[in-house]
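# Analysis of the macromolecular model
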Amino acid sequence: MSHSMSSPRNIQLVFETYQKARLVFVQTMAELATRATNVKCLESAGVLELLRPLLYDACSTVRQCAVVAAARLAEHDENVARQILNGGMLTITLENLNKYNVYYKRSALYLMRAVAKHNEELASAIVRLGALEHIVSCLEDFDTQVKENAAWALGYIGKHSEHLSGLVVDAGTLPLLVLAFQEPEMSLKQIAAGALVDLAQHKPEAVVDAGAVCHLVRGLENQDPKLKRSTLCALSAVAGTRAALAEAVVAGGALPPALLHAGHDTAPVRRAAACLLRDIVKHSVDLAQLVVNTGGCGPLVELLVENTGGTRVPACMALGYIAGQSDQLAMAVIESKAVVVLVEILQNSEDDAELCAAAWTLGHIAKHSPQHSLAVAVANALPRLLQLYTNPKSSSEVRARAACALKQSLQCCLHRPALEPLLHAAPACILKYVLAQYAKILPNDARARRLFVTTGALKKIQEIDTVPGTSLKEYINIINSCFPEEIVRYYTPGFSDSLLDRVEAYTPQIPELFTDRVPSDCQSEVTIENGN
């Protein structure tokens with residue numbers, strides 16, 4: 001080796017070249033890992049084996065980029081996330097979490113989130129490594145992005161199960177998340193709200209006990225749509241669990257802004273508001289009555305008119321829960337003109353979730369009394385429900401919801417014009433409910449009995465093949481008893497053939513006028529004529 005090559009300057013240059021090469025490599029890997037389509041190719045090329053020693057690199061930028069590259073790979077592919085966990089890369093990152101600068105912290109927390117997001121198994125493995133304590137401590141960091149990544153990671157760990165949520169809560173997370181939600185940075189607010197949503201799905205009581213409700217309600221005053229949506233979702237997750245928590249949400253002042261946000265310009269916000277109203281009204285008559293008294297039916301009906309944004313289903317269900325609580329509340333739903341809009345959804349929508357929700361709600365409206373059922377019947381809902389039930393192209397869920405709504409509506413329906421079309425089209429499982437209503441109507445209504453004959457309904461029921469002892473046969477017997485026996489026989493199948501048989505077997509009885517003996521009045525006429 002020449003003297004010039006062994007000079008300190010040249011030796012230093014070799015090391016600098018090596019460092020630049022490492023830096024270029026990790027930066028390129030981090031860039032390539034942003035595309036999910038590159039992950040399989042990078043994995044097969046052994047990228048994880050090459051990144052692992054770089055986690056210890058003397059250069060802070062190389063260390064950080066290596067962690068970012070690993071995190072991006074893990075985010076796209078569960079198998080890669082498992083390899084990172086099993087290969088000890090996450091353990092190395094966790095050990096170095098508090099040793100290096102803030103940029104490394106951000107990247108390390110990103111890696112934990114990327115691994116934890118996939119399933120409960122991977123999230124549990126991160127917890128077993130003792131990561132919770134370190135992540136929670138990062139919520140108290142001065143750097144906003146560190147707090148964001150920590151909150152995000154905790155939400156991803158806790159969302160998988162009640163057990164993991166309990167561990168996250170027990171680590172002292174909630175008070176720090178509530179504080180993070182009150183920070184001025186918008187992105188931190190959004191992520192903290194998202195973490196509260198994840199934890200509230202499994203531990204809503206803990207969220208309430210941490211005093212989060214009032215801060216969440218206050219957060220709705222912010223104009224950012226994403227924050228509004230996350231906040232409404234967090235309140236919905238709390239309210240949906242049980243009545244006491246829903247009451248706590250209402251007591252925290254969530255109801256007026258929820259109704260206000262049902263008319264927000266942004267569809268995700270409107271949908272989240274509808275979900276919150278749904279999760280409040282479903283628990284009790286008192287909560288449903290409170291929403292109705294606050295003017296909740298009108299905004300919900302307006303949401304039914306929308307055919308985009310996913311607002312129809314939660315709005316339908318909210319109205320269904322309200323209507324199902326009591327007959328007075330169902331009448332309030334009817335008076336809000338909801339029935340017509342619900343029938344329009346049945347007629348025009350092709351979405352199974354919307355069809356199921358609309359049918360379910362109509363059933364809850366109609367089930368209370370003949371007056372409630374009349375409102376559904378005159379809107380022409382019953383034929384469409386029957387069509388959905390009998391259509392072979394309908395999904396099993398749509399058929400089940402349509403059948404349930406039909407039964408609930410028919411059990412109270414005394415509106416003969418609505419019953420008549422079903423009599424000729426309904427299968428036996430629905431027909432028995434139709435006949436049960438006719439069995440109530442016909443004994444006390446002479447005009448209905450006449451129409452029952454003239455429209456062919458009496459003939460129709462005689463043609464039904466029934467098994468003795470069934471409810472269907474019993475209803476037919478009750479209906480038949482409302483008519484004279486000869487009328488029932490006349491419409492019985494085979495009766496005309498039996499009449500023809502009687503004609504053939506009948507022996508004519510010839511009157512005496514056509515016998516050889518002349519009747520007495522004819523004899524007197526003959527005598528007079530002969531005398532002339």
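Below is a short write-up of the structure. A quick note: this is a predicted structure, and the numbers were derived from the prediction, not measured. (Residues numbered from 1 in each chain as written. Predicted model: local features only at pLDDT ≥ 70, side-chain atom pairs only at ≥ 80, totals over all residues. Heavy atoms only, no water.)

### A closer look at helix H7 (residues 102–116)
Filter applied, for reference: Helix and strand assignments follow DSSP, with helices taken as H or I runs no shorter than four residues and strands as E runs no shorter than two, numbered in order from the N terminus. The span one expects for a helix is its residue count, reduced by one, times 1.5 Å. Exposure is judged per residue with a 1.4 Å probe applied to protein chains only, and the accessible area is read against the type maximum: over 50% gives exposed, under 20% gives buried, and values in between give partly exposed. Polar contact is defined as a pair of N or O atoms within 3.5 Å, subject to the rule that within protein one atom must be able to donate a hydrogen and the other to accept it, and that residues adjacent in sequence are counted only when both atoms are side-chain atoms.
Between its first and last C-alpha atoms H7 spans 21 Å; for 15 residues at 1.5 Å apiece the expected length is 21 Å, and the two agree. Here H7 lies mainly inside the structure; 13 of its 15 residues are buried. The opening residue of H7, the one whose side-chain oxygen lies 3.2 Å from the backbone nitrogen of Tyr 103, is Asn 101.

### So, helix H27 (residues 381–390)
Here is the rule: In this description, contact between two residues means that some pair of their heavy atoms is separated by no more than 4.5 Å.
By the criterion of burial, H27 is predominantly enclosed, with seven of the ten residues buried. If you check which residues of H27 are buried, you get Ala 381, Leu 382, Arg 384, Leu 385, Leu 386, Leu 388 and Tyr 389. Buried residues along H27 sit in contact with helix H24 (338–348), helix H25 (352–366), helix H26 (370–378), helix H28 (396–410), helix H29 (416–425) and helix H30 (428–441).

### Quick notes on the environment of Val 80
For Val 80, the location among the structural elements is in helix H5 (residues 78–86). Here the alpha-carbon distance between Val 80 and Gln 201, two residues 121 residues apart in the chain, equals 28 Å. Those residues within four positions of Val 80 in sequence are excluded, and the remaining contacts are Val 39, Glu 43, Leu 48, Leu 73 and Ala 74.

### Examining unusual backbone geometry
One non-glycine residue, Lys 337, lies in the positive phi region at around 70 degrees. The residue Lys 337 is located in the loop between helix H23 (327–335) and H24 in this model. The exposure class of Lys 337 is exposed, given its relative accessible area of 61%. Even without being a glycine, Asn 380 presents a positive backbone phi close to 65 degrees. Tracing the sequence through the fold places Asn 380 in the loop between H26 and H27.

### Quick look at the packing of aromatic side chains
Our working definition: Note on aromatic contacts: the rings of Phe and Tyr and the six-membered ring of Trp form a pair at centre separations within 6.5 Å, being stacked when their planes are under 30 degrees apart, edge-to-face when over 60 apart, and tilted otherwise. Criterion for a charge above a ring: Arg CZ or Lys NZ at most 6 Å from the ring centre, at most 35 degrees from the ring normal.
Going through the model one piece at a time under the given rule, you end up with five aromatic pairs. Between the aromatic rings of Tyr 321 and Trp 360, the centroid separation amounts to 5.1 Å while the plane-to-plane angle is 75 degrees, which identifies the pairing as edge-to-face. In this pair, Tyr 321 sits in helix H22 (residues 312–325) while Trp 360 sits in helix H25, placing the two residues 39 residues apart along the sequence. Given a relative accessible area of 23%, Tyr 321 falls into the partly exposed group. Judged by its relative accessible area of 18%, Trp 360 falls in the buried class. Each member of the aromatic cluster is reached from another via a ring pair, and the members are Tyr 438, Phe 452 and Phe 483. Between the NZ or CZ atom of Lys 159 and the centre of the ring of Tyr 156, over which it lies, the distance is 4.4 Å.

### Comments concerning the packing of H25 against H28
Rule in force here: In this analysis an axis means a line fitted to C-alpha atoms, helices contributing only their contacting stretch, and an angle means the value between N-to-C directions, from 0 to 180 degrees. If an angle is under 35 degrees, it is roughly parallel; if it is over 145, roughly antiparallel; if it lies from 65 to 115, roughly perpendicular; otherwise it is oblique. Helix crossings fall into two classes, left-handed where the near helix is turned counterclockwise from the far one by less than a right angle and right-handed where it is turned clockwise.
With their axes 8 Å apart at the nearest point, H25 and H28 run at an angle of 15 degrees to one another. It follows that H25 is roughly parallel to H28 by the angle criterion. Handedness of the H25/H28 crossing: left-handed. Every residue of H28 that contacts H25 at Asp 352, Leu 355, Cys 356, Ala 359, Trp 360, Leu 362, Gly 363, His 364 and Ala 366 is listed here: Glu 397, Val 398, Arg 401, Ala 402, Ala 405, Gln 408 and Ser 409.

### Let's talk about the nonpolar core
Using the following cut-off: For this analysis, a nonpolar core means a set of buried residues of the types Ala, Val, Leu, Ile, Met, Phe, Trp, Tyr and Cys, connected via side-chain atoms within 4.5 Å.
In this structure, Ile 157 and Phe 452 are the most contacted members of the largest nonpolar core, which totals 187 residues. No other element matches helix H4 (residues 60–76), which puts ten residues into this core. If we ignore the near neighbours within four places in the chain, the residues touching Ile 157 are Ala 116, Ala 123, Ile 126, Val 127, Leu 132, Ile 135, Leu 164 and Val 168.

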